[in-house]
Amino acid sequence: MNVRKLPAPMKRVVHLGSRSYGRLTSERRMLPSFLICGGQRCGTTSLYRALAAHPVVLKAVLHKGVHYFDTSYERGIDWYRAHFPSRRSAEKIAEKYGVPAQTFESAPYYMYHPQAVARIAGDLPFAKLVVLVRDPVERAYSQHHHEVARGFETERDFGRAVALEPARLHRKEERLASDPGYYSFAHQHHAYRARGEYARYLSVMAQHVGRERIHVVESERFFAEPEPVYDEVCAFLGLPPNLGRPVFEQHNARPRQADMDPDLRRELSAYYQSHDEALAGWLGHTPIWRRQ
């Protein structure tokens, strides 16, 4: 059954039934050995589908992103396990290919939520994290189009949305860090400028899980030359390289209605200069979008 093609009400029934069954069998289910943690609008869906096609990878059941470590942590680890394949399924993969099966999920908000990475470190102490980064100016513009299209943003002018961001996000990060039960719609959906400060979030990740468990991918390079980037990600994750490659496709791309205002583009580019310089330490080179 292709759940993605079902009507929304039926989809909800199927999801509820699957999670209920999953909870009853949670002790017999896998937990992820790796996560795609962001960034948003950086190609996470495309990489997710490429990795999900690997023969020894079993994806999360029904959902690409479970959003456990950011917005659903109070549901508990059994609820989280309910979203993943059974250990018996993993055993069948191991028997067929001679290597352990892996499972994973992808939730871009894990990179930004102040408590997510500490929770990941506690509950998945050996999991590896894959992070995609993209020209932060283009990323912010793409996010705004995405949020408008989904009905999560009422301010249709990108420049105005960026100008509103400081007021919308005022003290939200501090509140999220101190109150496990707090949720901020603005922090999840309206942090256009803040989400491009990649090195800041990567530094927090490294403090919790260690730098050796983090792999950073430039999405521009992934879409330009997907084969070597995919091979590098597989090597980082310990996935066997000799089982073929998937068909690489770009997912969730949205057509632009207009070009960005040139003055705003220059302003944002200048704002990200220091952040991109810090990111170079993670990449081992100047970010692609900063090269002349």
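Provided above is the structure to which this section pertains.
As the structure is a computational prediction, the values presented were derived from the model and not from experiment. (Residues numbered from 1 in each chain as written. Predicted model: local features only at pLDDT ≥ 70, side-chain atom pairs only at ≥ 80, totals over all residues. Heavy atoms only, no water.)

A. Seen up close, the overall build of the protein. Secondary structure summary: the protein contains 15 helices and five strands in total. With 292 residues in all, the protein has 50% of them scored as buried. Residue pairs in contact within the protein that sit at least 24 positions apart in sequence constitute 76% of those at least 6 positions apart. About 14,300 Å² of surface is accessible on the protein, with carbon and sulfur atoms providing 51% of the total. (Helix = DSSP H or I, 4+ residues; strand = E, 2+ residues; numbered from the N terminus. Buried < 20%, exposed > 50% of the residue type's maximum accessible area, 1.4 Å probe, protein only. Contact = heavy atoms within 4.5 Å. Areas by Shrake-Rupley, 256 points an atom, 1.4 Å probe, with all protein chains shown as cover.)

B. Quick peek at the pattern of salt bridges. Using the criterion set out here, one finds 15 salt bridges in the structure. Taking the shortest distance from any N to any O, the salt bridge between Arg-245 and Asp-231 comes out at 2.5 Å. Residue Arg-245 is found in the loop between helix 13 (226-237) and helix 14 (262-271), and its partner Asp-231 is found in helix 13; the two are separated by 14 residues along the sequence. Looking at Asp-231, the relative accessible area reads 31%, which means it is partly exposed. Within this structure, Arg-88, Glu-91 and Glu-95 form a network of salt bridges that share partners. (Salt bridge = Lys/Arg side-chain N within 4 Å of Asp/Glu carboxyl O.)

C. Examining the side chain of Thr-103 more closely. Mapped onto the secondary structure, Thr-103 falls in strand 3 (residues 102-106). For Thr-103, a relative accessible area of 0% gives the class buried. Here the side chain of Thr-103 touches Leu-58 through a polar contact of 2.4 Å, landing on its backbone oxygen. (Polar contact = N/O pair within 3.5 Å; in protein donor to acceptor, adjacent residues only side chain to side chain.)

D. Geometry of helix 6 (residues 116-123). Every buried residue belonging to helix 6 is among Ala-116, Val-117, Arg-119, Ile-120 and Ala-121, and all of these are buried. Against the buried residues of helix 6 lie strand 1 (34-38), helix 3 (68-71), strand 4 (128-133) and helix 11 (198-209).

E. Layout of helix 7 (residues 136-150). Helix length check: helix 7, at 15 residues, gives a terminal C-alpha distance of 21 Å against a target of 21 Å (1.5 Å per residue), a fit within 8%. Burial within helix 7 is extensive, with 13 of its 15 residues counted as buried. With its phi angle positive at about 80°, Gly-151 sits one or two positions after the end of helix 7. (Expected span 1.5 Å × (residues − 1).)

The quantities given are spatial measurements derived from coordinates; they are silent on function.
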